[in-house]
Amino acid sequence: MTIRALTQVSTGRNGVGAFVLQCKKLEFHYCDWAGSSKGMNIFIKTLLPKFAAEHPQIEFNVSPRPAKHPLVTGHYINGHQKPICVRNLEPTAILQKVKLLRDASGEKLKRVHKPVTSINPSVRGVWSPYHGNGMAV
């Protein structure tokens, strides 16, 4: 009996095997003297170092942006960016926004028409009450 190689190779899917985080970079822009950046300045000094230590796979970039509102921008592996303005927010609220950017996929929000989507088609087909022998009513 001869040995043959596989004709089809399985396709990689995120979440099966190794997980790849979609967010690759987070940028924090702040102003030193503006009142709307007060929460951002506290966040950068207190909460950001711990968050950055917990997520070494994400690149963090902190830069001043004088006379502008504070901004957090997420860069994703698909090339998209999501900016979020965090003016007048408390440091804990900014942390929630940063976690939202970290967990996002980078895709635009779209309406879900069907509750379940699958890459693999159903083996048994789509069920309908009109298939088969029918039911006596």
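Note that this is a predicted model, so its numbers are computed, not measured. Think of each chain on its own: its residues are numbered from 1, step by step along the sequence as written. Totals for whole chains, interfaces and linings use every residue, but because this is a predicted model, local features are given only for residues with pLDDT of at least 70 and side-chain atom pairs only at 80 or more, for both listing and counting. Computation of side-chain values covers all heavy atoms of the structure but excludes hydrogens and water.

1. What about the overall build of the protein chain?
Spelled out, the test is: Put simply, DSSP marks the helices as runs of H or I at least four residues long and the strands as runs of E at least two long, and each gets a number from the N terminus on. Think of it in three bands: residues with accessible area under 20% of the maximum for their type are buried, residues over 50% are exposed, and the middle band is partly exposed, with areas taken using a 1.4 Å probe on protein chains only. In this description, contact between two residues means that some pair of their heavy atoms is separated by no more than 4.5 Å.
A tally of regular secondary structure across the protein chain gives three helices and four strands. Going residue by residue from the N terminus, the α and β elements of the protein chain occur as β-α-α-β-β-β-α. Split into buried and exposed, the 137 residues of the protein chain put 28% on the buried side. Relative to all contacts within the protein chain whose residues are 6 or more apart in sequence, the contacts with residues 24 or more apart total 69%.

2. What about the nonpolar core?
The following threshold applies: Working definition of a nonpolar core: buried Ala, Val, Leu, Ile, Met, Phe, Trp, Tyr and Cys residues. They are joined through side-chain atoms within 4.5 Å.
Of all hydrophobic cores here, the largest spans 19 residues; its most connected members are L26, F28, M40, F43, V72 and V98. When residues of this core are traced back to their parent elements, those giving at least two are β1 (23-30), α1 (38-46), α2 (48-54), β3 (71-76) and α3 (91-103). Those residues within four positions of M40 in sequence are excluded, and the remaining contacts are F28, H29, Y30, P70, L71, V72, V86 and I94.

3. Some words on the pattern of salt bridges
Two side chains bearing opposite charge may form a pair once their charged atoms approach each other closely. Our working rule: Salt bridges, as used here, are contacts in which a Lys or Arg side-chain nitrogen is within 4 Å of a carboxyl oxygen on Asp or Glu.
Within the structure shown, the criterion is met by two salt bridges. Residue K25 pairs with E27 through a salt bridge whose shortest N-O separation is 3.4 Å. Taking relative accessible area as the criterion, E27 reaches 15% and is therefore assigned buried. R102 is paired through a salt bridge with D103; the nearest N and O atoms lie 2.8 Å apart.

4. Quick word on the pairing of β1
On a regular strand, each side chain points to the face opposite its neighbour's, so the side chains alternate between the two faces of the sheet. Selection criterion: The rule for pairing is simple: two strands pair if DSSP sees at least two bridges between them.
Burial of β1 is extensive: seven of the eight residues sit out of reach of the surface. When β1 meets β3, the two strands line up antiparallel, connected through six bridges. Paired with H29 across the bridge in β3 is L71. The pairing of β1 with strand β2 (residues 59-64) spans six bridges and is parallel. Bridge pairing in β2 places F28 opposite V62.

5. What about the packing of aromatic side chains?
Note the cut-off: Pairing of aromatic rings covers Phe, Tyr and Trp, the last through its six-membered ring, and needs centres within 6.5 Å; plane angles under 30 degrees mean stacked, over 60 mean edge-to-face, and all others mean tilted.
Tallying each qualifying case throughout the model produces three aromatic pairs. Look at F28 and F43: their rings are 5.8 Å apart centre to centre, the planes differ by 40°, and that puts the pair in the tilted class. Of this pair, F28 sits in strand β1 while F43 sits in helix α1, placing them 15 residues apart in sequence. Overall, the relative accessible area of 0% leaves F43 in the buried class. Geometrically, the ring pair formed by F51 and F60 is edge-to-face, given 6.0 Å between the ring centres and 85° between the ring planes. Connected via pairs of aromatic rings, a cluster forms that spans F28, F43, F51 and F60.

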